Amino acid sequence: MNIKRNWSGVACCFLLFTAVCVCLTFKVRGAFISAGYPGLGLLFFILPGIAASFFSRGGEVIRPLIGAILAAPVCLVVMRMMFISSRSLVQELAWLLSGVFWCALGALFFLFVRRALENRREKVKTPSE
């Protein structure tokens, strides 16, 4: 196994998941709360899953999931140290774990689209009878 090639998806997801978490924690969260839809910010966690699945070899889903799981404790520490929250530790942990879910869902979505496009290309190449 070529281990060096497989870590690009994990690193990409780790960095993007942390960036999305920090952006939602410090800047964007107030906009969604004032609009009445605080859960909309979780949809931004789809983007790290899509990007990491693109950079993973073969469009794997497990690499973005590993990156998101590794980034969740870092994000939790950043959220607790830098931001005074009215939520409890359990609520923030649940929010981060739902972010991990949405990240994995983004990776699955990218894999689905990739396979659908590959099947479409194969059907176009084969001659019709």
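Heads up: the structure comes first, above all this text.
From a predicted model like this one, the values you see are computed outputs, not experimental measurements. (Residues numbered from 1 in each chain as written. Predicted model: local features only at pLDDT ≥ 70, side-chain atom pairs only at ≥ 80, totals over all residues. Heavy atoms only, no water.)

1. As for the packing of aromatic side chains
What counts here: For Phe, Tyr and Trp, rings pair up if their centres lie within 6.5 Å, where Trp contributes its six-membered ring, and each pair is then called stacked (planes under 30 degrees apart), edge-to-face (over 60) or tilted (otherwise). Comment: elements are numbered from the N terminus, with helices defined as DSSP H or I runs of at least four residues and strands as E runs of at least two. Only protein chains enter the accessibility calculation, which uses a 1.4 Å probe; a residue whose area is less than 20% of its type maximum is buried, one above 50% is exposed, and one in between is partly exposed.
The tally for this structure, following the rule as stated, stands at five aromatic pairs. Both rings, one in Phe-54 and one in Phe-110, keep their centres 5.9 Å apart while their planes meet at 85°; by these two values the pair is edge-to-face. Taken together, the residues Phe-54 in helix 2 (residues 46-55) and Phe-110 in helix 4 (residues 89-125) connect sequence positions 56 residues apart. For Phe-54, a relative accessible area of 48% gives the class partly exposed. The structure contains a cluster of three or more aromatic residues connected by ring pairs, namely Phe-17, Phe-45 and Trp-95.

2. Describing the pattern of salt bridges
Filter applied, for reference: Note on definitions: salt bridges are taken to be side-chain nitrogens of Lys or Arg within 4 Å of carboxyl oxygens of Asp or Glu.
Inspection of every chain in the model, using the stated rule, returns two salt bridges. For Arg-80, the salt bridge identified is with Glu-92, shortest N-O distance 3.5 Å. Of this pair, Arg-80 sits in helix 3 (residues 62-82) while Glu-92 sits in helix 4, placing them 12 residues apart in sequence. Take Glu-92: its relative accessible area is 1%, and that puts it in the buried class. With its nearest N and O atoms 3.5 Å apart, the salt bridge here joins Arg-115 to Glu-118. Placement of both Arg-115 and Glu-118 in helix 4 is noted, with a separation of three residues, approximately one turn of the helix.

3. Focus on the environment of Pro-48
Quick reminder of the rule: Any two residues whose heavy atoms approach within 4.5 Å are treated as being in contact.
Tracing the sequence through the fold places Pro-48 in helix 2. Discounting residues that sit within four places of it in the chain, Pro-48 has contacts with Cys-13, Leu-16, Phe-17, Val-20 and Cys-103.

4. A short note on the environment of Ala-107
If you trace the backbone, Ala-107 turns up in helix 4. For Ala-107, a relative accessible area of 0% puts it in the buried group. Sequence-wise, Ala-107 and Ile-46 are 61 residues apart; in three dimensions their C-alpha atoms are separated by 7.5 Å. Those residues within four positions of Ala-107 in sequence are excluded, and the remaining contacts are Gly-49, Ile-50, Ser-53, Val-61 and Pro-64.

5. Details of a nonpolar patch on the surface
The line we're drawing: Patch rule: a residue counts if its relative accessible area is over 30% and it has no salt bridge; like charges are joined within 9 Å, and nonpolar side chains (Val, Leu, Ile, Met, Phe, Trp, Tyr) within 5 Å. With residues, only the protein chains shown are counted as cover, and all accessible areas are computed by Shrake-Rupley using a 1.4 Å probe.
A cluster of nonpolar side chains, contributed by Phe-26, Val-77, Met-81 and Met-82, occupies part of the molecular surface with about 460 Å² of accessible area. The element best represented in the nonpolar patch is helix 3, accounting for three residues. Residue placement: Phe-26 occurs in helix 1 (residues 3-35). Residue class for Phe-26 comes out partly exposed when judged on its relative accessible area of 36%.

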